[in-house]
Amino acid sequence: MNRRLVNFISLLICLFLNIVFTQKMVHQFKFENYDVAIMYCVLNLILFPIALFVFKRDEKQSEVNRREQ
Amino acid sequence: MSEKNNRIPFDENNYTHNIHRNNERKLDRRGFMKTLVGAAGVFAVSSLPWGAVAAKELMGLSEKEYPHKKIADLNKIGIGEAVDFKFPGEHDDALLIRLSEEKFVAYNSACTHLQCPVFWVKEEGEMICPCHHGKFDVESGSPVAGPPRRPLPTIEVKVENGAVYAVRVKRYES
């Protein structure tokens, strides 16, 4: 599959997971399962550097592609 | 082109006359990906307070002692009757119910569904939330019917010198 597409889709998945984790976090907080809420919060925090990494990698790859052309 | 660039076409203050390329303002792939990353960042930042408050709750920082507050004199409350009071703050409605000669229960009377005031129905022996007909068990404060899913926070009470005092708000187990 196209590398550009892979990067793009993995970013979309990151954002989707963000939404899911946020929803879960709020629910678990309301249910007073605070440890589970913290776990989802950490997962949410981890997703941001992953998204940033994917974005940077995409930038680098397109740079390489441009030079090869 | 250079002649065009050197010329000031007209007096203006919104600086949009220099957009010429087709679809220049449209979102391209890179711009959209940047938005996605930004959104992930917003999610991360906005989940911080939840985590912080959850950690605070876990460490038990919010379990504090309030000054004891007199609710009512013993002889003013008949068995099976209820008294409204405010505890711990001025705006936290609470409900004291005398179940027997010795037994008192008190709960924060804001329904755990949408914060409507729960009241005591003596004839049915239940605490009822009028908004959506949620019902709570009087012994434990746990929900028995209707939309609420979490129990009412219990307030510990103490009988002293012929009067009932509110001592503290008990954390309820999930």
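On a predicted model such as this, the values are computed, not experimentally measured, just so you know.

### Digging into the interface of chain A and chain B
Right, so step 1: Every contact between the two is made by 26 residues of chain A and, on the other side, 17 residues of chain B.
Right, so step 2: Taken together, the elements giving at least two residues each to the side of chain A that touches chain B come down to helix 1 (3-30) and helix 2 (34-68) of chain A.
Right, so step 3: Of all the elements, helix 2 of chain A adds the most residues to the side of chain A that touches chain B, at 13 residues.
Right, so step 4: Tallied by class, the residues present in the side of chain A that touches chain B amount to 19 nonpolar, four polar and three charged.

### Quick notes on the UniProt feature "transmembrane region" (unreviewed entry) in chain B
Right, so step 1: The positions that UniProt labels "transmembrane region" (unreviewed entry) are, in the present scheme, residues 31-52 of chain B.
Right, so step 2: Secondary structure content for residues 31-52 of chain B is 100% helix and 0% strand, and the end C-alpha separation is 32 Å.

### Some remarks on the sheet that holds strand 10 (residues 163-169) of chain B
Residues and elements named next belong to chain B.
Right, so step 1: Spatially, 1-10-9-4-3-2 is the arrangement adopted by the six strands of the open sheet, whose pairing is antiparallel. Each edge of the open sheet is held by one strand with a lone partner, namely strand 1 (69-73) and strand 2 (82-86). Going across the sheet, the axis of each strand differs from the next one's by a mean of 30°, ignoring polarity.
Right, so step 2: Examined bridge by bridge, strand 2 and strand 3 (residues 93-98) share five bridges and lie antiparallel to one another. Opposite Lys 86, over in strand 3, you have Asp 93 as the bridge partner.

### Here's the deal with the UniProt feature "transmembrane region" (unreviewed entry) in chain A
Right, so step 1: Residues annotated by UniProt as "transmembrane region" (unreviewed entry) correspond here to residues 38-55 of chain A.
Right, so step 2: Its end C-alpha atoms 26 Å apart, residues 38-55 of chain A is made of 100% helix and 0% strand.

### Concerning the packing of helix 1 of chain A against helix 2 of chain A
All names here are of chain A.
Right, so step 1: In contact at an axis separation of 9 Å, helix 1 and helix 2 are set at 165° when each is read in the N-to-C sense. The angle between helix 1 and helix 2 falls in the class roughly antiparallel. Crossing hand, helix 1 versus helix 2: left-handed.

### Digging into the nonpolar core
Right, so step 1: Residues Leu95(B), Leu96(B), Ala106(B), Tyr107(B), Val118(B) and Ile155(B) are the most contacted members of the largest nonpolar core, which totals 22 residues.
Right, so step 2: Aside from chain neighbours lying at most four places away, what touches Tyr107(B) is Ala94(B), Leu95(B), Gly141(B), Leu152(B), Pro153(B), Thr154(B) and Ile155(B).
Right, so step 3: Judged by nonpolar contacts, the second largest core, of twelve residues, contains Cys14(A), Phe48(A), Phe55(A) and Val37(B).

### A look at the environment of Pro130(B)
All names here are of chain B.
Right, so step 1: Relative to the helices and strands, Pro 130 is located in the loop between strand 6 (126-129) and strand 7 (134-136).
Right, so step 2: By C-beta crowding, Pro 130 is classed as exposed, having 11 other C-beta atoms within 10 Å.
Right, so step 3: Along the backbone, Pro 130 and Cys 111 are 19 residues apart, and their C-alpha atoms lie at a distance of 9.5 Å.

### What about helix 2 of chain A?
Residues spaced three or four apart along an α-helix point in a common direction, a consequence of the helix completing one turn every 3.6 residues.
Right, so step 1: Spanning 35 residues, helix 2 of chain A covers 51 Å between terminal C-alpha atoms, matching the ideal 51 Å at 1.5 Å per step.
Right, so step 2: Every buried residue belonging to helix 2 of chain A is among Tyr34(A), Ala37(A), Ile38(A), Tyr40(A), Cys41(A), Asn44(A), Leu47(A), Phe48(A), Ala51(A), Val54(A), Phe55(A) and Asp58(A), and all of these are buried.
Right, so step 3: Of the surrounding secondary structure, the elements contacted by the buried residues of helix 2 of chain A are helix 1 of chain A together with helix 2 (29-58) of chain B.

Calculation notes
Residues numbered from 1 in each chain as written. Chains lettered and ligands numbered in written order. Predicted model: local features only at pLDDT ≥ 70, side-chain atom pairs only at ≥ 80, totals over all residues. Contact = placed C-beta atoms within 7 Å. Helix = DSSP H or I, 4+ residues; strand = E, 2+ residues; numbered from the N terminus. Nonpolar A, V, L, I, M, F, W, Y, C, P; charged D, E, K, R; others polar. UniProt positions renumbered as here; feature names shortened; annotations may be inferred. Pairing = 2+ DSSP bridges. Axes fitted to C-alpha atoms, helices over the stretch in contact; angles between N-to-C directions. Parallel < 35°, antiparallel > 145°, perpendicular 65-115°, else oblique. Left-handed = near helix turned anticlockwise from the far one by under 90°. Core = buried A, V, L, I, M, F, W, Y, C linked by C-beta atoms within 7 Å. Buried ≥ 20, exposed ≤ 12 C-beta atoms within 10 Å, placed from the backbone. Expected span 1.5 Å × (residues − 1).

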